[in-house]
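# Structure assessment
Okay, here's what each chain looks like letter by letter:
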Amino acid sequence: MNATSQTDIPVRVTRVDTIAEGIVLFEMRHRDGGALPAFTAGSHISLRIPNGMVRKYALCGDPAEHERYRIAVKREDQGRGGSVYLCDNAREGDEWAISAPANDFELPQRGDNFIFIAGGIGIAPVMAMIHELSNDPAKKFKLYYCARRPELAAFRERLSAPEFKGKVAFHYDDGDPDKALDLWPIVEERKNRAHIYCCAPHGLMQAVRDATGHWSPAAVHFLSFADAPSQRPDDTAFRVKLASTAELIDVPAGVTILEALRARGHTVPSSCESGTCGTCRTGLIAGKADHRDLVLTDDERQSQIMLCVSRALTPEIVIDR
Ligand code: FES
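The numbers attached to residues start from 1 for each chain and follow its sequence in the written order. For this predicted model, a pLDDT threshold of at least 70 governs which residues receive local features, and a threshold of 80 or more governs which side-chain atom pairs are given and counted, while totals over whole chains, interfaces and linings are taken from all residues. Excluded from the side-chain calculation are hydrogens and water; included are all heavy atoms of the structure.

Now for the pairing of strand S12 (residues 220–223). In this scheme, a residue with accessible area under 20% of its type's maximum is buried, one over 50% is exposed, and one in between is partly exposed, where area comes from a 1.4 Å probe on protein chains only. By the criteria applied, helices consist of DSSP H or I runs no shorter than four residues and strands consist of E runs no shorter than two, each listed in order from the N terminus. Because side chains alternate across S12, one face comprises the buried residues Val220 and Phe222, and the other comprises His221 and Leu223, equally buried. With 4 bridges joining them, strand S11 (residues 195–199) and S12 adopt parallel strand pairing. If you follow Ile196 over to S12, its bridge partner there is Val220. Crossover handedness is defined here as right-handed if the route from the first strand over the helix to the second strand goes clockwise, with the strands pointing away from the viewer. Regarding the hand of the β-α-β motif, the stretch spanning S11, helix H5 (residues 202–211) and S12 is right-handed. Strand pairing is assigned whenever DSSP identifies at least 2 bridges connecting the two strands.

Here it is in structure tokens:
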């Protein structure tokens, strides 16, 4: 799935609620009534915004509910415009077109113990996951939810309900790195074959990745649905060579390898487009990559690259296409 996913399900916005500072919850139902396609926790939809953009949003409602979908959108001033448009303009009664749900982050069926580390709007997909787990008495979880201040924490009231007592810990750091969540006591030992899911700003995901180096990579999962670009101000242009045809493709600053390939007519599978799902994994044959994903292990980084976020440290890289 990618940003051009078919958005052919007509829905009507049935509720618009500000649920934290800068975070708006949208509820939608099928325009013609009846059930929407079923989804599993971790799913996202693509939404064709009335201004023409297509953006992906995690479903944050209970997967057991089939009449409505819910998404939580953080107004990202530095984003690509989708969240600002929705937060400022969308109203109850609006009609949208969405795709069927897709899921790159299914909870493992055989897992019984889960640790969630969410930061900011990263709580959205985690909400669907804890709903799904709460429906099964055999499953256990603990959620650590980080935000700068309580007012910025979405679903705070819901997560403070008695049913989540002992299962949810809020952590507020005032934006002070010295007050960041201490990850070590959480990840020091992998107990009960637990799986960790982290959905947070890049810095917290990187910290979780660094702190879980002794865990099996199969037990540590990262999710991202950010509307923010992955580029950095000091990015420079480079060239990608396709090993199969020797075709040379320029990748200017501000453009991802994925976008540059598509602009030249290549079809490249993708999903999260934020370096967390693994869909765009590609062989790296020559040159040095500037890896910006949270998927590849240090060993894999020698011979693979994620085309949606990573760049080059050498003027040219050769990829296995
Ligand atoms: Fe998900 Fe690139 S599309 S890692």
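Let us keep going from here.
This part takes up the environment of Leu258. In this structure, Leu258 sits in helix H6 (residues 257–263). Leu258 sits in the buried class, given a relative accessible area of 2%. Each residue touching Leu258, except ones within four places of it in the same chain, is listed here: Val268, Ser270, Glu273, Leu307 and Cys308. Only heavy atoms matter for contacts: two residues are in contact if any of them lie within 4.5 Å across the pair.

Here we take up the side chain of Asn113. Relative to the assigned elements, Asn113 resides in strand S8 (residues 113–119). Whenever a nitrogen or oxygen atom comes within 3.5 Å of another N or O atom, the pair is scored as a polar contact, on the condition that within protein one atom can donate a hydrogen and the other can accept it, and that pairs from neighbouring residues in sequence are kept only if both atoms are in side chains. One polar contact links the side chain of Asn113 to the main-chain carbonyl oxygen of Asn192, over a distance of 3.4 Å. When sequence neighbours within four positions are dropped, the list of residues in contact with Asn113 reads Lys140, Asn192, Arg193, Ala194 and His195.

Another point: the sheet that holds S8. The strands that make up a sheet are held in pairs by hydrogen bonds between backbone atoms, and each pair lies either parallel or antiparallel. Strand order in the open sheet made by the 5 strands is S10-S9-S8-S11-S12, with parallel pairing throughout. For this open sheet the edge positions go to strand S10 (168–172) and S12, each flanked by a neighbour on one side alone. On average, each strand axis in the sheet is inclined to that of its neighbour by 15°, with strand direction left out of account. Bridge count for strand S9 (residues 140–147) against S10 is 5 bridges, and the pairing is parallel. Its bridge partner being in S10, Ala147 is matched across the sheet by Tyr172. For helices, the fitted line uses only the C-alpha atoms of the stretch in contact; every axis is such a line through C-alpha atoms, and the angle between N-to-C directions lies from 0 to 180 degrees. Packed onto the sheet, helix H2 (residues 123–134) meets S8, S9, S11 and S12 and runs at close to 155° relative to S8. Strand contacts of H5: S8, S9, S11 and S12, with the helix running at about 160° to S11, the strand carrying the most contacts.

So, about the nonpolar core. Here, the term nonpolar core denotes a set of buried Ala, Val, Leu, Ile, Met, Phe, Trp, Tyr and Cys residues that are joined through side-chain atoms within 4.5 Å. One finds Phe116, Ile123, Ile130, Leu143, Phe155 and Leu159 to be the most contacted residues of the largest nonpolar core, which totals 33 residues. Those elements that provide at least two residues to this core are strand S2 (23–30), S8, H2, S9 and S11. Per-element accounting of this core gives the leading share, 8 residues, to H2. Setting aside anything within four residues of it in sequence, one finds Phe116 in contact with Leu107, Val126, Met129, Ile130, Leu133, Phe141, Lys142, Leu143, Tyr144 and Tyr197. Judged by nonpolar contacts, the second largest core, of 22 residues, contains Leu258, Leu284, Ala289 and Leu307.

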